[in-house]
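Chain residues, written in single-letter form:
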Amino acid sequence: MPHWMTRHVWRMLLVLGLVSLLALAVACGDDDDDDGGDDDGGESPAATTPGEGGDDGGTGENVVTIEEGGTIKVGVTAVLSGDLVALGTTVRDGAILAAEQFGQVEGFDIEIVEADDLCDASGAEPAAQQLLAEDGLVAVIGSICSGVNVTVQPTYEEAHITQVSSGSTAVAVTYPEGRDPFDTFLRTVVHDGVQGVKQAEYATEVLGATTVFSAHDTDAYGTGLMEVFNENFETLGGEVLGTEGWEKGQTDFSALVTTVTTENPDLVYVASFDPEAAAFLRQLRDGGYEGDFLAGDGVITAQFLELAGDAAEGAHLSKPAPKEETDALIAFQEDFDAKFGYAWDEQPYAAESYDAFQVIFDALTATATLDGTSLVIDLDVLNDAMHEANFDGVSGHIEFDDHGDVVATPGKPQIIFSKVEGGAYVEQDFE
Amino acid sequence: MESTGIKERAPLVIGLAASLLAVLYTAFTTSRDETFWADQFINGITIGSLYALIALGYTMVYGVLRMINFAHGEIFMVGAFAGWVVLREVFGGDGMSDAMIVPAILVAMLAAAAASASAIVVIERLAYRPLRHAPRLAPLISAIGVSIFLQNLFLRLTAGRVEIYPRIFPQGPGESIDIGITEVDYIQIFLIGSSFLMMSALYIFVQRTRAGTAIRAVAEDRDVAALMGINANRVIVLTFVVGAALAGVAGVMYGLWLLSIKGTMGFLPGIKAFTAAVLGGIGNIPGAMLGGLLIGLSETIGREWLNELFGLGLGNQWKDVVAFFVLIGILLLRPTGILGELVGKRA
């Protein structure tokens with residue numbers, strides 16, 4: 001055996017070892033995904049929560065006292081920089097408008113404090129710490145990014161601070177694996193268990209698709225939504241030709257486009273946010289794909305139309321959103337557009353965010369007590385009161401189930417579908 | 001530079017040849033047709049040549065200064081923005097006439113090269129030169145600082161938004177050349193062609209001109225080169241400028257191809273190009289080119305090939321894993337990279 005061969009044999013073995021490690025990782029990863037899909041797919045929540053009021057001890061321990069002249073602080077954690085800034089700003093502005101309109105609690109002003117969570121796990125914890133460091137913080141309008149929420153839910157639970165999210169739709173957020181749902185998390189938006197099912201129905205009934213290629217953001221939102229969609233699409237008799245993911249920030253999709261055009265599906269389905277979806281769709285159309293395109297609430301934004309340009313034409317998108325033109329909603333639209341100078345529905349979740357603030361405000365009004373000149377708020381009592389929310393908000397009726405999910409309003413469609421026609425979103429009739 | 005014998009490289013050459021044969025073999029034995037493999041190959045070469053172009057800046061600076069310029073990805077980003085401004089403000093963006101497209105692209109590339117070069121001259125003077133004789137980690141950290149600063153400066157200037165290049169390069173169905181086995185898009189031909197043109201020009205510049213000889217001399221031994229009458233500082237600046245200009249042009253090509261640019265766009269290509277430089281043997285110019293292509297091919301055709309060969313389900317999200325996996329594999333076989341010199345005695 002030549003000299004160099006013996007020297008390199010162990011290195012070759014190491015390389016082989018790495019290959020098998022990679023193979024193992026992939027195999028295990030796939031199994032987990034499958035299991036997760038089966039568990040999360042269910043639409044009807046099972047009542048396994050501890051009843052209300054069952055918090056651990058919590059009398060007198062977790063009390064916020066605000067001295068005379070101080071302000072009550074409500075946090076907003078949202079993505080306030082980068083690609084998704086428009087999504088986050090819309091949610092923040094919905095809360096700011098609400099704070100302005102609802103006014104004071106027992107003579108104390110409510111101040112909105114904001115933190116930028118970057119819509120990813122790396123920004124999640126710093127944003128939470130930034131908010132929790134605020135004196136007088138009583139509750140938080142939770143992130144619209146499920147990837148953020150799954151990271152910080154334990155942090156807020158420990159701090160006894162309740163989050164009300166307006167746009168975090170992943171099923172896993174209120175159906176966490178291996179534990180009871182977080183008492184400190186509520187959301188005013190229906191979860192992807194609903195959106196994914198409706199999307200699959202839309203794909204088969206309206207678009208007539210029998211084959212699909214699914215692409216998704218690898219975060220909790222994209223993965224969760226894709227799993228629900230794929231499962232239901234198959235249940236309805238469709239075939240999933242392939243499922244591939246991407247990380248936020250990817251711009252070159254040429255390899256993926258080649259795979260998709262080779263498979264040539266009836267429909268390309270995307271569960272992600274708008275920058276990647278727009279670039280992918282554009283490259284897909286440039287690559288000669290002529291079939292349908294369907295995506296969810298992370299994509300239906302003004303920025304998507306701008307980034308995708310002509311390629312957006314004919315794309316189908318869905319979002320959980322109000323559809324009933326109630327007086328409250330009309331008033332909200334006018335106030336929002338006038339105050340912020342952009343349309344409330346350029347991005348989803350402005351109305352849900354307004355309602356999330358009301359959940360917090362109503363609970364504060366009901367539970368905050370004056371002690372001399374100071375305002376006393378027991379965070380656990382506040383949490384119980386928020387669970388009891390029951391009112392007609394601008395986005396629809398707000399009432400929470402045992403998992404903290406908003407209860408569906410009977411007779412009101414929970415998901416609306418739009419098609420891009422002439423560079424604008426045109427709502428479709430589908431319930 | 002130290003030349004290494006054929007025996008040293010034998011395992012690597014055998015490994016690469018075996019991989020290539022395996023790729024060719026799978027190409028004709030799998031469910032996928034040859035068009036699929038040809039397309040993925042071209043996709044890999046396209047992104048790979050872009051990586052290679054950026055990688056040259058890393059490798060040249062390392063060769064001369066033994067320093068990793070971690071702000072190089074941001075220099076690429078600066079070039080992309082400079083080209084975008086020129087195309088939009090000077091040539092009227094999407095509205096420009098067909099006759100203006102070719103001159104507009106050329107001017108945008110020149111402007112980008114100039115902007116990136118100017119940026120690196122300022123950065124070198126302010127952030128790197130004062131640390132020339134500091135411990136090696138100091139300029140490295142300084143470079144990371146410059147990188148973060150430039151990213152945030154451009155995020156600030158663009159209010160964190162994605163900006164869109166004018167869609168002037170013909171792209172879309174039919175904008176391609178039939179080469180028999182598949183069709184190659186014009187934009188891919190343009191990217192691959194101009195990258196190779198610039199890399200060849202650089203190679204000739206470094207090997208055949210006086211300035212190039214000076215760069216090589218300083219790379220070999222800065223002090224001795226100075227004794228021979230070479231102004232080391234000027235050569236160092238020249239090295240930075242050449243690398244930055246290539247990155248700037250790469251930025252414009254990236255913009256013309258993928259259209260969306262933003263303040264953080266340089267990070268990932270920068271890391272990939274750095275990986276390419278290390279893979280090819282950092283400090284070695286042909287190595288950077290080879291490394292770039294290899295990384296590009298790994299994350300496209302390499303990933304699909306692993307799927308076919310081992311029955312894995314590695315989706316698009318695994319592309320970075322595969323690319324870095326190739327890096328680790330090759331560094332295990334050859335710690336100095338494919339064409340790397342044996343730097344052990346110098347360190």
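The model shown is predicted, which means the values in this text are computed figures rather than measured ones.

1. A look at the packing of aromatic side chains
So, step 1. Enumeration over the complete set of coordinates arrives at 27 aromatic pairs over all chains.
So, step 2. Where A:F229 meets A:F233, the ring centres are 5.5 Å apart and the plane angle is 20°; that geometry is what we call stacked. Of this pair, A:F229 and A:F233 both sit in helix α6 (residues 220–235), four residues apart, which is roughly one turn of the helix. Comparing A:F229 with A:F233, the two get one shared label, buried.
So, step 3. Measuring from ring centre to ring centre gives 5.5 Å for B:F36 and B:W37, while their planes differ by 85°; the resulting arrangement is edge-to-face. One exposure class covers both B:F36 and B:W37, and it is buried.
So, step 4. Taking NZ or CZ as reference, A:R179 lies 3.6 Å from the ring centre of A:F182, over its face.

2. Topic: helix α2 (residues 85–102) of chain A
So, step 1. Taking 1.5 Å per residue, 18 residues should reach 26 Å; α2(A) reaches 26 Å between its end C-alpha atoms and fits that length.
So, step 2. Following α2(A) by one or two positions, A:G103 has its phi on the positive side, about 80°.

3. A short note on the sheet that holds strand β2 (residues 72–78) of chain A
Residues and elements named next belong to chain A.
So, step 1. What the five strands build is an open sheet, ordered β3-β2-β4-β5-β6; its pairing is parallel. In this open sheet, the two edge strands, each paired with only one partner strand, are β3 (110–116) and β6 (185–187). Taking the axes of each pair of neighbouring strands and ignoring which way they run, one obtains an average angle of 25° across the sheet.
So, step 2. The sheet contacts of helix α3 (residues 121–132) involve β2, β3 and β4 (137–142), and relative to β3 the element is tilted by about 155°.

4. Re the pattern of salt bridges
So, step 1. On inspection of all chains with the given rule, the structure shows 19 salt bridges over all chains.
So, step 2. Its salt-bridge partner being A:R187, residue A:D405 comes within 2.5 Å of it at the nearest N-O pair. Linking A:D405 in the loop between β15 (396–399) and β16 (415–421) with A:R187 in strand β6, this pair joins segments that are 218 residues apart in sequence. Considered together, A:D405 and A:R187 belong to a single accessibility category, that of buried residues.
So, step 3. The partner of A:E244 in a salt bridge is B:R303, with the nearest N and O atoms 3.7 Å apart. With A:E244 in strand β8 (residues 239–246) and B:R303 in helix α11 (residues 285–310), this residue pair bridges two chains. Summarising the burial analysis for this pair, A:E244 and B:R303 share the class buried.
So, step 4. When salt bridges with common partners are traced through the structure, they connect B:K272, B:E299, B:K319 and B:D320 into a single cluster.

5. Some details on the pairing of strand β5 (residues 162–165) of chain A
All names here are of chain A.
So, step 1. Side-chain alternation along β5 places T162 and V164 on one buried face and Q163 and S165 on a second face that is also buried.
So, step 2. With four bridges joining them, β4 and β5 adopt parallel strand pairing. Bridging across to β5, I141 finds its partner in V164.
So, step 3. Taken together, β4, helix α4 (residues 146–159) and β5 form a β-α-β motif whose crossover is right-handed.
So, step 4. The sheet contact formed by β5 and β6 spans three bridges and is parallel. Bridge pairing in β6 links S165 to R187.

6. Brief notes about the environment of A:D362
All names here are of chain A.
So, step 1. Within the fold, D362 resides in helix α11 (residues 350–367).
So, step 2. A relative accessible area of 32% means that D362 is categorised as partly exposed.
So, step 3. Remark: the alpha-carbon pair of D362 and F102, spanning 260 residues in sequence, is separated by 9.4 Å.

7. Quick word on the packing of α11(A) against helix α12 (residues 379–387) of chain A
Residues and elements named next belong to chain A.
So, step 1. Axis separation between α11 and α12 bottoms out at 8 Å; the angle between their running directions is 125°. When the axes of α11 and α12 are compared, the pair comes out oblique. As for the relative orientation of α11 and α12, their crossing is right-handed in sense. When α11 is examined against α12, the residues V359, I360, A363, L364 and T367 are found in contact with a partner set consisting of V381, L382, A385 and M386.

Thresholds applied
- Residues numbered from 1 in each chain as written.
- Chains lettered and ligands numbered in written order.
- Predicted model: local features only at pLDDT ≥ 70, side-chain atom pairs only at ≥ 80, totals over all residues.
- Heavy atoms only, no water.
- Phe/Tyr/Trp six-rings, centres within 6.5 Å; stacked < 30°, edge-to-face > 60°.
- Helix = DSSP H or I, 4+ residues; strand = E, 2+ residues; numbered from the N terminus.
- Buried < 20%, exposed > 50% of the residue type's maximum accessible area, 1.4 Å probe, protein only.
- Lys NZ or Arg CZ within 6 Å of the ring centre and 35° of its normal.
- Expected span 1.5 Å × (residues − 1).
- Pairing = 2+ DSSP bridges.
- Axes fitted to C-alpha atoms, helices over the stretch in contact; angles between N-to-C directions.
- Contact = heavy atoms within 4.5 Å.
- Salt bridge = Lys/Arg side-chain N within 4 Å of Asp/Glu carboxyl O.
- Right-handed = clockwise from strand over helix to strand, strands pointing away.
- Parallel < 35°, antiparallel > 145°, perpendicular 65-115°, else oblique.
- Left-handed = near helix turned anticlockwise from the far one by under 90°.

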